[in-house]
Amino acid sequence: MSMLRLDVADFIAVATIDNPPVNAQPPAFMEEVTATFDAISDRDDIRVVILTGAGKIFSAGADLKNRPGPDAPPGTMWSRMRMARECMYSILECKKPVICAINGPAMGAGFGIAVSCDILVASETAFINLPEIDVGLMGGVRHAMRMFPHSLRNRMILTGHRVSGAELYRYGIVEACLPPDELMPYCMDIARNIAGKSPIALAYAKEAINLVENLSLRDGYRWEQSNTVRLSRTEDAVEARTAVMEKRAPVFKGR
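It should be emphasised that the depicted structure is a prediction, and the values quoted were computed from it without experimental measurement.

**What to know about a negative patch on the surface**
Then, in step 1: On the surface, D38, D42, D44, E86 and E93 cluster together into a patch of negative charge.
Then, in step 2: Following the sequence through the fold, E86 ends up in helix α2 (residues 76-92).

Take a look at the structure:
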């Protein structure tokens, strides 16, 4: 049974986490997310993705009911950890931009999936937290370090503190905090804008987002300039420049 619905129209994919009652993440879910986003990277009919949750919860995180115990066969826990890691990286490394519509609580591994997306938008009913400290687990520290201010992130890690949608917006972690019925329309507006861009330019931009953060200023800028040269030689780049000069909407072919 699928736990991730995928609907595609007009170059926009809506991926909906659908594992009631709380959209928890058992191993089968992690495998499905990884396979789905790997496939999205290769699909020409998708230029942008919106990731959200069904119902009132984005994701309550790891499925604790099926968590490997101390008597599990050797290697079981390491395999589970690798599966979770690759699930998040399949989103982070997806060749297409991913917008996260955080429709409700994003807890633990739900937080990990949300912050692996490129653009984050929250509902007023949403919150993010790291409850691992209370359930004998560890996780989310590295993601929290790149997203939250020093004191707040440490409070989250050490206490499981919940950060509301409004507070996420105040800290600039999400770009908007909206009433629940305005969340998807807002994200769809962003998605339509992105879907109208050259898919080649989007791929280069997404690659830059993921890569240059870990490079020096000089190396990062040089890498971007090299890709600018490559991009400028494509048919889409010529079409973009021509459309600007002719004051018309461009028609991109992905070449």
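**Section: helix α8 (residues 199-211)**
Then, in step 1: The end-to-end C-alpha distance of α8, which contains 13 residues, comes to 18 Å, matching closely the 18 Å that a straight helix rising 1.5 Å per residue would cover.
Then, in step 2: Every buried residue of α8 is listed here: I200, L202, K206 and A208.
Then, in step 3: Buried residues in α8 make contact with α2, β6 (98-102), α7 (180-195), α9 (217-232) and α10 (235-246).
Then, in step 4: One side-chain oxygen at the N-terminal end of α8 lies 3.2 Å from the backbone nitrogen of I200; it belongs to S198.

**Some details on the pattern of salt bridges**
Then, in step 1: Taken as a whole and assessed by the stated rule, the structure comprises 9 salt bridges.
Then, in step 2: The closest approach of N and O atoms between E239 and R248, which form a salt bridge, is 2.7 Å.
Then, in step 3: Judged by relative accessible area, R248 falls into the partly exposed class, the value being 34%.
Then, in step 4: Close ionic contact of E246 with R248 constitutes a salt bridge, the shortest N to O distance being 2.7 Å.
Then, in step 5: By relative accessible area, which is 49% here, E246 ends up partly exposed.
Then, in step 6: Residues joined in a network through salt bridges with shared partners are E239, E246 and R248.

**Topic: the nonpolar core**
Then, in step 1: Formed by 44 residues in total, the largest nonpolar core has its most connected members in F37, L51, F58, I102 and F148.
Then, in step 2: Ranked by the residues each element gives to this core, the list is headed by helix α1 (residues 27-42), at 5 residues.
Then, in step 3: With residues up to four places along the chain from it excluded, the contact list for L51 reads L4, A15, I17, F37, F58, I91, V98, I99, C100, A101, I113 and C117.
Then, in step 4: Counting 16 residues, the second largest nonpolar core, distinct from the first, contains V48, I50, L183 and A195.

**Here's the deal with the packing of aromatic side chains**
Then, in step 1: Tallying each qualifying case throughout the model produces 1 aromatic pair.
Then, in step 2: Ring centres of F111 and F148 lie 6.1 Å apart, and the angle between their planes is 35°; this geometry places the pair in the tilted category. With F111 in helix α3 (residues 109-114) and F148 in the loop between α4 (141-147) and α5 (150-159), the pair connects residues that are 37 residues apart, well separated along the chain.
Then, in step 3: Just above the ring of F11 sits the side chain of R47; from NZ or CZ to the centre is 3.9 Å.
Then, in step 4: Of note, R170 hangs over the ring of Y171, and the distance from its end group to the ring centre comes to 4.9 Å.

The rules behind each value
Residues numbered from 1 in each chain as written. Predicted model: local features only at pLDDT ≥ 70, side-chain atom pairs only at ≥ 80, totals over all residues. Heavy atoms only, no water. Patch = residues over 30% accessible without salt bridge, like charges linked within 9 Å, V, L, I, M, F, W, Y side chains within 5 Å. Areas by Shrake-Rupley, 256 points an atom, 1.4 Å probe, with all protein chains shown as cover. Salt bridge = Lys/Arg side-chain N within 4 Å of Asp/Glu carboxyl O. Lys, Arg positive; Asp, Glu negative; His and termini not counted. Charge placed at Lys NZ, Arg CZ, Asp CG, Glu CD. Helix = DSSP H or I, 4+ residues; strand = E, 2+ residues; numbered from the N terminus. Expected span 1.5 Å × (residues − 1). Buried < 20%, exposed > 50% of the residue type's maximum accessible area, 1.4 Å probe, protein only. Contact = heavy atoms within 4.5 Å. Polar contact = N/O pair within 3.5 Å; in protein donor to acceptor, adjacent residues only side chain to side chain. Core = buried A, V, L, I, M, F, W, Y, C linked by side-chain atoms within 4.5 Å. Phe/Tyr/Trp six-rings, centres within 6.5 Å; stacked < 30°, edge-to-face > 60°. Lys NZ or Arg CZ within 6 Å of the ring centre and 35° of its normal.

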